[in-house]
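For reference, the chains in residue letters:
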Amino acid sequence: MKAQELKDKTPDQLKEQLLSLKKEAFNLRFQQATGQLESTARIRAVRRDVARVKTVLNQKAAEAAASN
């Protein structure tokens, strides 16, 4: 997931994406705990994607606050 792709989305779309990423991270943690996790690198990728989405959301909020 690229940051530029995220910047083109609306805040509502970003919040939906954040929710789905958090669900995926939750499921990956459970898979890891039960020994069923195939790709451990996916946990890292999802965690970083969550951070990217949160960063873009905060940037959009700051821009909205600055323009008011």
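Heads up: the structure comes first, above all this text.
In what follows, the accompanying structure is described. All values derive from a computational prediction rather than experimental measurement.

1. Observations regarding the overall build of the chain
Reasoning step 1: In terms of helices and strands, the chain carries 3 helices and 0 strands.
Reasoning step 2: Secondary structure elements of the chain, listed N to C terminal, follow the sequence α-α-α.
Reasoning step 3: Relative to its full complement of 68 residues, the chain shows a buried share of 22%.
Reasoning step 4: Taking contacts inside the chain between residues at least 6 apart in sequence as the whole, the part at least 24 apart equals 66%.

2. Points about the packing of helix α2 (residues 11–34) against helix α3 (residues 41–67)
Reasoning step 1: Packing of α2 against α3 brings their axes to within 9 Å, and their N-to-C directions diverge by 155°. Taken together, the axes of α2 and α3 lie roughly antiparallel to each other. You can see that α2 and α3 cross each other, and the crossing is left-handed. Listed contacts from α3 to Pro 11, Leu 14, Lys 15, Gln 17, Leu 18, Leu 21, Lys 22, Glu 24, Ala 25, Leu 28 and Gln 32 of α2 are Arg 42, Ile 43, Val 46, Asp 49, Val 50, Val 53, Lys 54, Val 56, Leu 57 and Lys 60.
Reasoning step 2: A class-by-class count of the residues in the contact of α2 with α3 yields 12 nonpolar, 2 polar and 7 charged.

3. What to know about α2
Reasoning step 1: Between the first and last C-alpha of α2 there are 35 Å, a value that for 24 residues agrees with the 34 Å anticipated at 1.5 Å per step.
Reasoning step 2: Every buried residue of α2 is accounted for by Leu 14, Gln 17, Leu 18, Leu 21, Ala 25 and Leu 28.
Reasoning step 3: Elements in contact with the buried residues of α2: α1 (3–7) and α3.
Reasoning step 4: The positive-phi residue at the C-terminal boundary of α2 is Gly 35, with phi of around 80°.

Cut-offs applied
Residues numbered from 1 in each chain as written. Predicted model: local features only at pLDDT ≥ 70, side-chain atom pairs only at ≥ 80, totals over all residues. Heavy atoms only, no water. Helix = DSSP H or I, 4+ residues; strand = E, 2+ residues; numbered from the N terminus. Buried < 20%, exposed > 50% of the residue type's maximum accessible area, 1.4 Å probe, protein only. Contact = heavy atoms within 4.5 Å. Axes fitted to C-alpha atoms, helices over the stretch in contact; angles between N-to-C directions. Parallel < 35°, antiparallel > 145°, perpendicular 65-115°, else oblique. Left-handed = near helix turned anticlockwise from the far one by under 90°. Nonpolar A, V, L, I, M, F, W, Y, C, P; charged D, E, K, R; others polar. Expected span 1.5 Å × (residues − 1).

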